[in-house]
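# Coordinate inspection notes
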Amino acid sequence: SKGNGDTKGKTYTVATDSNFKPFEYLNTKTGELEGFDVDLIKEIAKRAGYEVEFETMDFDGLLAGMQGGRYEIGIAGMSITPEREETLDFSIPYYDSGIILMVPTDSDIESIDDVDGKKIGSRQGSTSESFLGKNTEAQVEAYPEIVTAYMNLANGKLDGVLYDVPNVQYYIAQEGKGKLKTTGEILQGESYGIAFKKGSELVDPSNEALESMIKDGTYAEIYEKYFGE
Ligand code: ARG
C-alpha cells in the first residue's frame, strides 16, 4: 500500500546533518546536499507517496529537535538505541555500522584498553561519546562537528577519536592516508534507522518502500554509488 490519505502528497521536513560522509554532506562544488541517506529517503518518499525537503543542523540539535517533535523525519546515520526508542520511532535498520578507535599511525594506543587518561575526541550526542563516558576513564572531548576532532587528532591535540566505522574509514581514505589508522576491534555493533516522530503515520509506508527497494535492487544501487570502490 502507498501511505494513507493523510500522508499522501504531503511535504515533510527531513532533519539531517551536513557533515557525515558518505551519508550526508554538502557537495562543495554545487552546494547541494548529497549522500547515501539523502538518496535513500528521497526514493522512499517517492515510493510512499510523500514529498521531502531537507533541513541541516548539528547532530545533537537534530536529536533534540526530533525529540521535541519539531521534525517528522530524521535521517543522519542515526543508530537505533533503546534510549532513543523511548522517544522516537525507527524504520527497519538500513545500514549495519559500529564504532571504532582512530589514532595516528605511530600511536602506542592499541585498543580501547589503552585510552584511560588520554584525550579522546568524539561528537556531541553520539553513541561514541556515551560509550567513552560509560566504559573508559578517557578525557573525552566531544565537539559539535566531528571534523574538529579529526583535525585536532591530525594536529596532535588529541590522542585518538572514537566514531562510526564508515565515517572513520572514509576520512582515513580521503585525508588521513599514512597519518591515521583504525586500531582495535569494532567496539559496538550499531544499526542505523530512519527516525520518525513517535506514532508517525509515515513509519509503515516508509518501511514498505524501503523493503521494496531492498528487493528490487535499488538499495544495492544506491549502496554501490557511495560505498563501491
Ligand atoms: N551513529 C552515531 C549515533 O547515532 C553517530 C551519528 C552521527 N551522524 C551524523 N549525521 N553526524 O550516535
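Residues numbered from 1 in each chain as written. Predicted model: local features only at pLDDT ≥ 70, side-chain atom pairs only at ≥ 80, totals over all residues. Heavy atoms only, no water.

## Remarks on the overall build of the chain
A tally of regular secondary structure across the chain gives eight helices and 13 strands. A globule of 229 residues ought to have a C-alpha radius of gyration of about 17 Å, and the chain, at 18 Å, matches this closely. A total of 229 residues make up the chain; the buried ones form 48% of that total. Partitioning the intrachain contacts of the chain with sequence separation of at least 6 by distance along the chain shows that 69% fall at a separation of at least 24. Of the roughly 10,900 Å² of accessible surface on the chain, 44% is carried by carbon and sulfur atoms. Looking at charge distribution, the chain has the averaged site of its 22 positive side-chain charges lying 5 Å from that of its 42 negative ones. (Helix = DSSP H or I, 4+ residues; strand = E, 2+ residues; numbered from the N terminus. Rg over C-alpha atoms; globule rule 2.2 N^0.38 Å. Buried < 20%, exposed > 50% of the residue type's maximum accessible area, 1.4 Å probe, protein only. Contact = heavy atoms within 4.5 Å. Areas by Shrake-Rupley, 256 points an atom, 1.4 Å probe, with all protein chains shown as cover. Lys, Arg positive; Asp, Glu negative; His and termini not counted. Charge placed at Lys NZ, Arg CZ, Asp CG, Glu CD.)

## Section: empty space enclosed by the protein
Evaluation of the coordinates by the stated rule reveals one cavity of 30 Å³ or more. Its boundaries defined by the atoms lining it, the largest cavity holds a volume of some 100 Å³. (1 Å grid on protein atoms, 1.4 Å probe; cavity = no way out; pocket = protein on both sides within 12 Å on 5 of 7 lines; lining within 4 Å. Points joined across faces, edges and corners; volume = space filled by probe spheres on them.)

## Quick word on the environment of Lys 197
By the element assignment, Lys 197 lies in strand S13 (residues 195-197). Assessed through its relative accessible area of 29%, Lys 197 is described here as partly exposed. Taking the C-alpha atoms as reference points, Lys 197 and Glu 229, separated by 32 residues in sequence, lie 35 Å from one another. In this structure, Lys 197 is in contact with Met 66, Gly 69, Tyr 71, Glu 72 and Asp 89, ignoring residues within four places of it in sequence.

## Examining the pattern of salt bridges
Overall, the coordinates contain nine salt bridges when judged by the stated rule. Of the charged contacts, one joins Asp 17 and Arg 123 as a salt bridge, the two residues approaching to 3.5 Å between their closest N and O atoms. Here Asp 17, found in the loop between strand S1 (11-16) and strand S2 (19-20), pairs with Arg 123, found in strand S9 (residues 119-123); they are 106 residues apart in sequence, far enough to count as distant. The same class applies to Asp 17 and to Arg 123, which are both buried. Note that Glu 145 is salt-bridged to Arg 123, the shortest N-O span being 3.2 Å. Placement of the pair is Glu 145 in the loop between strand S10 (139-143) and helix H5 (146-154) and Arg 123 in strand S9, with a sequence separation of 22 residues. We classify Glu 145 as partly exposed; its relative accessible area is 21%. (Salt bridge = Lys/Arg side-chain N within 4 Å of Asp/Glu carboxyl O.)

## Let's talk about the site of the ligand
Taken together, the neighbourhood of the ligand is formed by 16 residues, with Ala 76, Ser 79, Arg 84, Thr 127 and Asp 164 sitting nearest. Measuring from an oxygen atom of the ligand, one finds a side-chain N or O atom of Arg 84 at 2.7 Å. Taking Thr 127, its main chain carries an N or O atom lying 2.9 Å from an oxygen atom of the ligand. For the ligand, whose accessible area on its own is 350 Å², the fraction buried by protein is 100%. Along the lines of polarity and charge, the residues of the shell around the ligand split into six nonpolar, four polar and six charged. Looking at which domains feed residues into the shell around the ligand, each of domain 1 (11-94 + 193-227) and domain 2 (98-190) supplies at least three. (Near = heavy atom within 4 Å. Polar contact = N/O pair within 3.5 Å; in protein donor to acceptor, adjacent residues only side chain to side chain. Nonpolar A, V, L, I, M, F, W, Y, C, P; charged D, E, K, R; others polar. Domains from an automatic or database assignment.)

## Considering the packing of H5 against helix H6 (residues 165-174)
Following both chains from N to C, one finds H5 and H6 inclined at 50°, their axes separated by 12 Å at the closest point. The pairing of H5 with H6 is recorded here as oblique in orientation. Relative to H6, the crossing made by H5 is right-handed. In contact with Ile 146, Tyr 150 and Met 151 of H5, H6 contributes Asn 167, Val 168 and Tyr 171. A per-class count over the contact of H5 with H6 returns five nonpolar, one polar and no charged. (Axes fitted to C-alpha atoms, helices over the stretch in contact; angles between N-to-C directions. Parallel < 35°, antiparallel > 145°, perpendicular 65-115°, else oblique. Left-handed = near helix turned anticlockwise from the far one by under 90°.)

## Looking at the domain arrangement of the chain
Assigned domains of the chain: these are domain 1 (11-94 + 193-227) and domain 2 (98-190). Domain 1 and domain 2 are separated by 25 Å when their C-alpha centres are compared. Residue-level contacts link 16 residues of domain 1 with 16 residues of domain 2. Carbon and sulfur atoms supply 51% of the area that domain 1 and domain 2 bury against each other, a total of about 1,200 Å² over both sides. When the buried surface of domain 1 facing domain 2 is broken down by residue, Asn 19, Phe 20 and Lys 21 rank first, second and third, together holding 35% of it. The tally of links from domain 1 across to domain 2 stands at two salt bridges. In this assembly, domain 1 and domain 2 are joined by four residue pairs in polar contact (both at pLDDT 80 or more). Among the secondary structure elements, those contributing two or more residues to the side of domain 1 that touches domain 2 are S2, helix H2 (59-67) and helix H3 (82-87). The greatest single-element share of the side of domain 1 that touches domain 2, amounting to three residues, is contributed by H2. (Buried area = accessible area lost by both parts, 1.4 Å probe.)

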